[in-house]
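# Structure at a glance
The chain contents come next:
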Amino acid sequence: MMAINRWAGRQGQRGANCALLVGALLGLGACGSMPGSAKSTEGASDAPAATAKPSEVDPQLKLAAMQAEAQNNYLEAAQHYQSLLSRDPDNLELALGLARNLRFAGSTPQDIDLLNQLIAKNGRTPRLLTELGKSYVSSDQMNLAIPVLQEATSLEGATWDSFSTLGVAFDYQNQFERAREEYAQALMLSPRNPDVLNNLALSQAQSGDLDGAIETLGQATDQASASPQTRQNLALLLALKGDTAGAERLARKDLPKEMADLNAEYYRYLTGN
């Protein structure tokens, strides 16, 4: 069965069982879309990136890194970013690409170390603090994640991503009201952002408001930039509500036939049909 993802496209993998969601895996994510897709999942940059000279970046290797990430081959993508970074060690974007894919692959000790090195070198910017917060959440270190993310949201230049990630961290601690306050701030900065709406919907579902969650995810999937994962999250919630036909329609919209068949079977299992 396709997992529910907080950060759609596995923007940081986090595992947590939620009774309401029938033990579905909650992925920490984009807060976002599939890596490498047209829609940004990382939030706007708040500091100038260290830009390499064109000759210093192998365009074919960079393309290979981006393609591997888009195909969820995160260890392969990390290896490509590591190779690129070895040739251009001051390139912040390459370093963040490496940290991101290490996080996606579950190698959070390494990406936390790398992000702390970047912060020591580039300063405590909202962008870097948010990435560090994502890694702490991915490694289930909420005692570290929340202060770092609160610092990120307090700084000038904080983006929707900073607030949305803090909301996810609060949800992990079942602090749903505080989480929704952060999602509200994120939506003020990026109205109708499908990634934020996705996170808000999962927060509503976790707190027992399945109807509200379905309505919110419906708003998210109405956006042209909504990710396939967001639609599949809606499919699962529809199944939990008993609408297996609607859930199956959404499953078949994005998934290969074999996977859609498996999901449809799971939806029927949820409803006892």
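Residues numbered from 1 in each chain as written. Predicted model: local features only at pLDDT ≥ 70, side-chain atom pairs only at ≥ 80, totals over all residues. Heavy atoms only, no water.

To continue, consider the overall build of the chain. Of the regular secondary structure elements, the chain holds 13 helices and two strands. A total of 273 residues make up the chain; the buried ones form 56% of that total. Summed over all atoms, the accessible surface of the chain reaches about 11,800 Å², with 50% contributed by carbon and sulfur. (Helix = DSSP H or I, 4+ residues; strand = E, 2+ residues; numbered from the N terminus. Buried < 20%, exposed > 50% of the residue type's maximum accessible area, 1.4 Å probe, protein only. Areas by Shrake-Rupley, 256 points an atom, 1.4 Å probe, with all protein chains shown as cover.)

Core analysis: the largest hydrophobic core is formed by 65 residues, its most contacted members being Leu98, Leu118, Leu132, Val137, Leu237 and Tyr267. With residues up to four places along the chain from it excluded, the contact list for Leu98 reads Ala78, Tyr81, Gln82, Leu85 and Leu114. (Core = buried A, V, L, I, M, F, W, Y, C linked by side-chain atoms within 4.5 Å. Contact = heavy atoms within 4.5 Å.)

Here the focus is the packing of aromatic side chains. Tallied over the entire structure, the rule returns two aromatic pairs. On the numbers, 4.9 Å between centres and 70 degrees between planes, the contact of Tyr74 with Phe104 is edge-to-face. Here the residue Tyr74 occupies a position in helix 2 (residues 74-87), and Phe104 occupies one in helix 3 (residues 92-104), the gap between them amounting to 30 residues. The class for Phe104 is buried, based on a relative accessible area of 0%. Ring centres of Tyr266 and Tyr269 lie 6.2 Å apart, and the angle between their planes is 35 degrees; this geometry places the pair in the tilted category. (Phe/Tyr/Trp six-rings, centres within 6.5 Å; stacked < 30°, edge-to-face > 60°.)

The UniProt record annotates "repeat: TPR" (unreviewed entry) at residues 160-193. As annotated, residues 160-193 has a helix share of 79% and a strand share of 0%, and its two end C-alpha atoms lie 9 Å apart. (UniProt positions renumbered as here; feature names shortened; annotations may be inferred.)

Here the focus is the pattern of salt bridges. All told, the structure shown has 14 salt bridges when counted by the stated rule. Between Lys134 and Glu131 there is a salt bridge, with its nearest N and O atoms 3.4 Å apart. Taken together, the residues span about one helical turn, with Lys134 and Glu131 both in helix 5 (residues 126-138) at a distance of three residues. As far as the burial class goes, Lys134 and Glu131 line up, both buried. One salt bridge in this structure joins Arg252 and Asp261, with 2.8 Å as the shortest N-O distance. Take Arg252: its relative accessible area is 38%, and that puts it in the partly exposed class. (Salt bridge = Lys/Arg side-chain N within 4 Å of Asp/Glu carboxyl O.)

Let us look at helix 13 (residues 257-271). Look at helix 13: 21 Å from first C-alpha to last across 15 residues, which is about the 21 Å you get at 1.5 Å a residue. Looking at the buried residues of helix 13, the elements they touch are helix 11 (228-241) and helix 12 (244-254). Looking at the residues trailing helix 13, positive phi occurs at Gly272, about 75 degrees. (Expected span 1.5 Å × (residues − 1).)

Here we come to helix 8 (residues 176-189). Its 14 residues place the ends of helix 8 20 Å apart at the C-alpha level, agreeing with the 20 Å of an ideal helix rising 1.5 Å per residue. Listed in full, the buried residues belonging to helix 8 are Phe176, Ala179, Glu182, Tyr183, Ala186 and Leu187. Looking down the long axis of helix 8, one finds its buried residues gathered within 140 degrees of arc, a one-sided arrangement. In helix 8, those exposed residues whose orientation departs by more than 90 degrees from the buried face are Glu177, Glu181 and Met188. Buried residues belonging to helix 8 abut helix 7 (160-172) and helix 9 (194-206). (Arc of directions from axis to C-beta.)

Moving on to the environment of Arg124. Here Arg124 lies in the loop between helix 4 (108-122) and helix 5. For Arg124 and Leu155, which are 31 residues apart along the polypeptide, the C-alpha to C-alpha distance reads 9.2 Å. Excluding its chain neighbours within four sequence positions, the residues that come into contact with Arg124 are Ile119, Leu129, Glu151 and Leu155. Here the side chain of Arg124 touches Glu151 through a polar contact of 2.8 Å, side chain to side chain. (Polar contact = N/O pair within 3.5 Å; in protein donor to acceptor, adjacent residues only side chain to side chain.)

Another point: the packing of helix 6 (residues 142-154) against helix 7. The relative placement of two packed helices comes down to the angle between their axes together with the axis-to-axis distance. The N-to-C vectors of helix 6 and helix 7 enclose an angle of 150 degrees; their axes lie 9 Å apart at closest approach. With respect to each other, helix 6 and helix 7 are oriented roughly antiparallel. Crossing of helix 6 against helix 7: the hand is left-handed. Only Ser162, Phe163, Thr165, Leu166, Ala169, Phe170 and Tyr172 of helix 7 make contact with helix 6, whose side of the interface consists of Met142, Ile146, Leu149, Gln150, Ala152 and Thr153. Each residue belonging to the contact of helix 6 with helix 7 can be placed in one class, and the counts come to nine nonpolar, four polar and no charged. (Axes fitted to C-alpha atoms, helices over the stretch in contact; angles between N-to-C directions. Parallel < 35°, antiparallel > 145°, perpendicular 65-115°, else oblique. Left-handed = near helix turned anticlockwise from the far one by under 90°. Nonpolar A, V, L, I, M, F, W, Y, C, P; charged D, E, K, R; others polar.)

The interhelical angle for the contact between helix 11 and helix 13, taken along N-to-C directions, is 30 degrees, at an axis separation of 8 Å. By the angle between their directions, the pair helix 11 and helix 13 is classed as roughly parallel. Residue-level contacts link Gln232, Ala235, Leu236, Ala239 and Leu240 of helix 11 to Asn263, Tyr266, Tyr267, Leu270 and Thr271 of helix 13. Along the lines of polarity and charge, the residues of the contact of helix 11 with helix 13 split into seven nonpolar, three polar and no charged.

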